[in-house]
Amino acid sequence: MARALARGVEVTVTAAVGAGRTLSAGYTRLTTRVLTGGPDPAFVAGQALLRRPRDGATVAFATPLGARGMMSLATRYVGRRDDFDYGAFTRVTLPPYTRTDVAGEYRLALPGLTLTARVENLFDTPYAEIKNFPAPRRTLLMGGRLN
């Protein structure tokens with residue numbers, strides 16, 4: 001049976017920066033290690049766990065838009081992390097990436113109806129969270145919510 005150890009620290013700070021506005025920032029530092037390997041070559045004793053970045057950070061800002069709307073902007077940094085390329089049957093290091101998302105909502109005059117929109121990966125950054133599986137590029141999602 002494979003065993004692993006993960007230790008780290010995570011710090012998040014959130015502050016009100018005006019009428020209804022919030023700014024938050026977070027940082028994670030993580031150290032992982034496989035203690036005893038298993039039959040899968042991805043779990044080798046003494047090596048880091050796969051897909052667990054040593055460093056990660058987020059910054060987010062949210063603000064009202066008039067009396068009925070809200071908008072948020074969030075940027076996330078994911079540091080280098082080990083992965084396994086099952087095609088080449090070798091351990092690899094994935095590069096760090098930064099992704100920014102923006103979202104908004106607007107409550108209509110109709111009771112309980114809110115329109116929503118979100119753009120994920122606003123700057124169309126190419127990256128992969130898993131080796132050989134690229135993440136979606138810029139994605140626009142629109143919808144509504146009825147309460």
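**Q** Help me understand the overall build of the chain in this model?
**A** Scanning the chain from terminus to terminus reveals zero helices and eleven strands. Along the chain, from the amino end to the carboxyl end, the secondary structure elements read β-β-β-β-β-β-β-β-β-β-β. The C-alpha atoms of the chain give 20 Å as radius of gyration, which overshoots the globular expectation for 147 residues (15 Å, by more than 25%). With the C-alpha coordinates of the chain rotated into their principal frame, the extents come out at 60 × 30 × 30 Å. A buried classification covers 19% of the 147 residues belonging to the chain. Put simply, of all contacts in the chain between residues at least 6 apart along the chain, 48% involve residues at least 24 apart.

**Q** I keep staring at the side chain of Arg81 and nothing clicks. Help me out?
**A** Residue placement: Arg81 occurs in strand 5 (residues 81-85). In terms of polar contacts, Arg81 uses its side chain to reach the backbone carbonyl oxygen of Gly79, at 3.1 Å. One polar contact links the side chain of Arg81 to the main-chain carbonyl oxygen of Pro95, over a distance of 2.9 Å.

**Q** What should I look at first to understand the packing of aromatic side chains in this one?
**A** How two aromatic rings sit relative to each other is given by the distance of their centres and the angle of their planes. Counting across every chain of the model gives three aromatic pairs. The interplanar angle of 85° and the centroid separation of 5.5 Å between the aromatic rings of Phe84 and Phe89 together place this pair among those described as edge-to-face. What makes Phe89 exposed here is its relative accessible area of 56%. With centroids separated by 4.0 Å and ring planes inclined at 15°, the aromatic side chains of Tyr97 and Tyr127 adopt a geometry described as stacked. Separated by 30 residues along the polypeptide, Tyr97 in strand 7 (residues 97-107) and Tyr127 in the loop between strand 8 (113-120) and strand 9 (128-130) bring together distant segments of the chain. Accessibility classification places Tyr97 together with Tyr127 in one group, the buried group. Aromatic rings pair up to connect Phe84, Tyr86 and Phe89 into one cluster.

**Q** How should I be thinking about the pattern of salt bridges in this particular structure?
**A** Should their charged atoms come close, side chains of opposite charge can pair. Inspection of the entire model under this criterion finds eight salt bridges. In this structure, Glu120 engages Arg118 in a salt bridge whose closest nitrogen and oxygen atoms are separated by 3.0 Å. Given a relative accessible area of 22%, Glu120 falls into the partly exposed group.

What counts and how
- Residues numbered from 1 in each chain as written.
- Predicted model: local features only at pLDDT ≥ 70, side-chain atom pairs only at ≥ 80, totals over all residues.
- Heavy atoms only, no water.
- Helix = DSSP H or I, 4+ residues; strand = E, 2+ residues; numbered from the N terminus.
- Rg over C-alpha atoms; globule rule 2.2 N^0.38 Å.
- Buried < 20%, exposed > 50% of the residue type's maximum accessible area, 1.4 Å probe, protein only.
- Contact = heavy atoms within 4.5 Å.
- Polar contact = N/O pair within 3.5 Å; in protein donor to acceptor, adjacent residues only side chain to side chain.
- Phe/Tyr/Trp six-rings, centres within 6.5 Å; stacked < 30°, edge-to-face > 60°.
- Salt bridge = Lys/Arg side-chain N within 4 Å of Asp/Glu carboxyl O.

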